[in-house]
Amino acid sequence: MKPQRIVVVGAGHVGLYAALRLSKKLNRRRAEVVVVDPQPHMTYQPFLPEAAAGNISSRHAVVPLRRALKNCRIVSGEVTRVEHARKTVTIQPIDGPSTEMAYDHIIVAPGSVSRTLPIPGLRERGIGFKTIGEAIYLRNHVLDRLDVAAVTPDPAVRKASLTFVFVGGGYAGIEALAEMEDVVRDALKYYSDLDPSEVRFVLVEATNRILPEVGPDMGAYAALQLDERGIELRLGTRLESCVDGQIVLSDGERFRAETLVWTAGVKPSPLLDRTDLPQGDRGHLTALPTLQVVDGNRVLDGAWTAGDSAQVPDLANPGAFCSPSAQHAVRQAKVMADNIRQVIIGGAPKDYRHKYVGSVASLGLYKGVAHVYGVKVKGFPAWFMHRSYHMSRIPSFNRKVRVIADWTLAFMLRRETVALGQLHTPREEFTHVTPPTEHSADRTPVGAGVRG
């Protein structure tokens, strides 16, 4: 009997956990699991703020696919099209021509991308916070701005370099803001030319609350804590423009800032628009509680979805859909893998049902808020819960040990506050000292490909 091919599109929380479980539950005589992703790793996004702050190594916030998924076939490339009517995917590998791959089952879980708006200057000035590369860049950029401020004779440049604007008051924005404020405060100990009172952190949030996931009381507590640290909270305010670093807010204030971090929500991956699978009003794939893709009342044979890309009915909260959280994604991946196995062996899939237990959020080192099982926790206990939960969730024993080792060293030693900006332009110095030739313009830069 020919093994059935299961193609997993995307190696995020859903893709990695589903592929891992499938490879354990189905032997190779029954199924071949193929994971397609442009990156050779899964990024554990809850650790991006910790990586940006230098609390853990950036490499320890990602999970190598080939190490974690030893019994799966890993294809480093980008899925550019899904034709479920033919049960084929088109894959653009890192290098070379695109190819088609047939499948019996497909898991469409490409995740989400930053939800941006047509704000003048945002494309040129904004820094996202969805990838490990963006986290590393933000850390280097912020520390580089301190170096600029310390040596510039221009007061306007100094003021703009010490002004940091974060847009978005959800998890990503608040945790990134709090961690980077910690980083700057620690780094200023080594800058005798800079006064901490010159540093300005501004949070811009279009609604009138932050961290809605932890409830209004804990959100209000978080806002108070940030305010006591001197962070300006501009609630009910929108970013209107940021051309050339000139920040214009909807409340009429204008000022210059050399750092603008955009964390104002996410939207489903654009890949979904290049499929023939049904989408809901917000661009998500429509799914049943069994995590099968559904077109009206018709279940699409062999099509599965979960996570940020899917609209999955929340059976624990009738009439609502599951939130796009890692908590749901990991559990959905497990149920989906079991359902695919059941279908392959001739069984029936089961519904996904999980009551959301709550949320935890970090507000920087030793500070946090949590609302778990109806219990509200704040301060150090909430911060400890945040770290403990995410340490237990990151895949593989290898990564757990490395993260704990990083935290232990960070507790014993001072925080590293050195910028490695050359990481972002590694060939610049070499090309500067190498004389051009008549063939220089025809050379393709090393590393060019779909990863970007």
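The structure reproduced in this document is the subject of the present report. (Residues numbered from 1 in each chain as written. Predicted model: local features only at pLDDT ≥ 70, side-chain atom pairs only at ≥ 80, totals over all residues. Heavy atoms only, no water.)

## Focus on the overall build of the protein
Phase 1 of the analysis: Across its full length, the protein carries twelve helices and 25 strands.
Phase 2 of the analysis: Here the C-alpha radius of gyration of the protein, 23 Å, is about what a compact globule of 452 residues would show, namely 22 Å.
Phase 3 of the analysis: The buried share of the protein, taken over its 452 residues, is 49%.
Phase 4 of the analysis: Carbon together with sulfur atoms contributes 53% to the accessible area of the protein, which is approximately 22,200 Å² in total. (Helix = DSSP H or I, 4+ residues; strand = E, 2+ residues; numbered from the N terminus. Rg over C-alpha atoms; globule rule 2.2 N^0.38 Å. Buried < 20%, exposed > 50% of the residue type's maximum accessible area, 1.4 Å probe, protein only. Areas by Shrake-Rupley, 256 points an atom, 1.4 Å probe, with all protein chains shown as cover.)

## Comments concerning the pattern of salt bridges
Phase 1 of the analysis: Scanning the model with the defined rule gives 26 salt bridges in all.
Phase 2 of the analysis: Here Lys 87 makes a salt bridge to Asp 301, at a shortest N to O gap of 3.0 Å. Of this pair, Lys 87 sits in the loop between β5 (73–83) and β6 (88–93) while Asp 301 sits in strand β21 (residues 298–305); the two residues are 214 residues apart in sequence, bridging distant segments of the chain.
Phase 3 of the analysis: Counted as one network, the salt bridges with shared partners bring together Glu 181, Asp 182, Arg 185, Arg 229 and Lys 367. (Salt bridge = Lys/Arg side-chain N within 4 Å of Asp/Glu carboxyl O.)

## Thoughts on the packing of helix α5 (residues 132–151) against helix α7 (residues 171–187)
Phase 1 of the analysis: Running from amino to carboxyl end, α5 crosses α7 at an angle of 35 degrees, the nearest separation of the two axes being 11 Å. With respect to the hand of their crossing, α5 and α7 are arranged in right-handed fashion. Contact residues: Leu 138, Arg 139, Val 142, Leu 143 and Leu 146 in α5; Met 180, Val 183, Val 184 and Ala 187 in α7.
Phase 2 of the analysis: Here the residues of the contact of α5 with α7 sort into eight nonpolar, no polar and one charged. (Axes fitted to C-alpha atoms, helices over the stretch in contact; angles between N-to-C directions. Left-handed = near helix turned anticlockwise from the far one by under 90°. Contact = heavy atoms within 4.5 Å. Nonpolar A, V, L, I, M, F, W, Y, C, P; charged D, E, K, R; others polar.)

## Overview of helix α10 (residues 380–393)
Phase 1 of the analysis: Look at α10: 20 Å from first C-alpha to last across 14 residues, which is about the 20 Å you get at 1.5 Å a residue.
Phase 2 of the analysis: Those residues of α10 that fall on the buried side of the exposure criterion are Ala 382, Trp 383, His 386, Arg 387 and His 390. One face of α10 carries all of its buried residues, which in axial projection span an arc of 135 degrees. (Expected span 1.5 Å × (residues − 1). Arc of directions from axis to C-beta.)

## So, the nonpolar core
Phase 1 of the analysis: Counting residues in each nonpolar core, the largest one holds 88 residues, and the members touching the most others are Ile 107, Leu 146 and Phe 166.
Phase 2 of the analysis: In this view, Ile 107 contacts Ile 6, Val 7, Val 8, Val 9, Val 14, Ala 18, Leu 22, Trp 304, Met 336 and Ile 340; residues no more than four positions away in its chain are not counted.
Phase 3 of the analysis: Grouped together as the second largest cluster of nonpolar side chains are 20 residues, Val 89, Val 108, Leu 271 and Ala 303 included. (Core = buried A, V, L, I, M, F, W, Y, C linked by side-chain atoms within 4.5 Å.)

## Details of the packing of aromatic side chains
Phase 1 of the analysis: Counted under the stated rule, the structure contains eight aromatic pairs.
Phase 2 of the analysis: When the ring of Phe 166 is compared with that of Phe 201, the centres are 6.3 Å apart and the planes differ by 25 degrees; the resulting orientation is stacked. A residue pair is termed long-range when its members are at least 10 positions apart, and Phe 166 in strand β11 (residues 163–167) and Phe 201 in strand β12 (residues 200–205) qualify at 35 residues.
Phase 3 of the analysis: When its relative accessible area of 1% is taken as the criterion, Phe 166 is described as buried.
Phase 4 of the analysis: According to the relative accessible area criterion, Phe 201 is buried, its value standing at 4%.
Phase 5 of the analysis: Their ring planes at 40 degrees and their centres at 5.4 Å tell us that Phe 380 and Trp 383 sit as a pair that is tilted. Separated by three residues within a single helix, Phe 380 and Trp 383 lie in helix α10, roughly one turn from each other.
Phase 6 of the analysis: The partly exposed category is assigned to Phe 380, whose relative accessible area is 46%.
Phase 7 of the analysis: A residue is classified by how much of its surface remains accessible, and Trp 383, at 6% relative accessible area, is buried.
Phase 8 of the analysis: For the cation-ring pair, Arg 200 lies above Phe 255, with the distance from its terminal atom to the ring centre recorded as 4.3 Å. (Phe/Tyr/Trp six-rings, centres within 6.5 Å; stacked < 30°, edge-to-face > 60°. Lys NZ or Arg CZ within 6 Å of the ring centre and 35° of its normal.)

## A closer look at the sheet that holds strand β25 (residues 375–378)
Phase 1 of the analysis: One open sheet accounts for three strands, arranged β23-β24-β25; its pairing is antiparallel. Looking along the sheet, the strands with just one partner apiece sit at the ends: β23 (358–362) and β25. Strand-to-strand twist in this sheet, taken as the mean axis angle between neighbours without regard to direction, amounts to 10 degrees.
Phase 2 of the analysis: Alignment of β23 against strand β24 (residues 368–372), held across five bridges, turns out to be antiparallel. Its bridge partner being in β24, Ser 359 is matched across the sheet by His 371. (Pairing = 2+ DSSP bridges.)

## Focus on the pairing of strand β20 (residues 292–295)
Sheet faces and side chains relate simply in a regular strand, where the side chains alternate between the two faces.
Phase 1 of the analysis: Pairing between β20 and β21: three bridges, direction antiparallel. Along β21, the bridge assignment pairs Val 294 with Val 299.

## What to know about the sheet that holds strand β10 (residues 126–127)
Phase 1 of the analysis: Strand order across the open sheet formed by five strands is β10-β17-β11-β12-β13, with parallel pairing between neighbours. Here the strands that pair on one side only, and so sit at the sheet edges, are β10 and β13 (232–235).
Phase 2 of the analysis: Strand direction decides the pairing type here: β11 and strand β17 (residues 259–262), joined by four bridges, are parallel. If you follow Val 167 over to β17, its bridge partner there is Trp 262.

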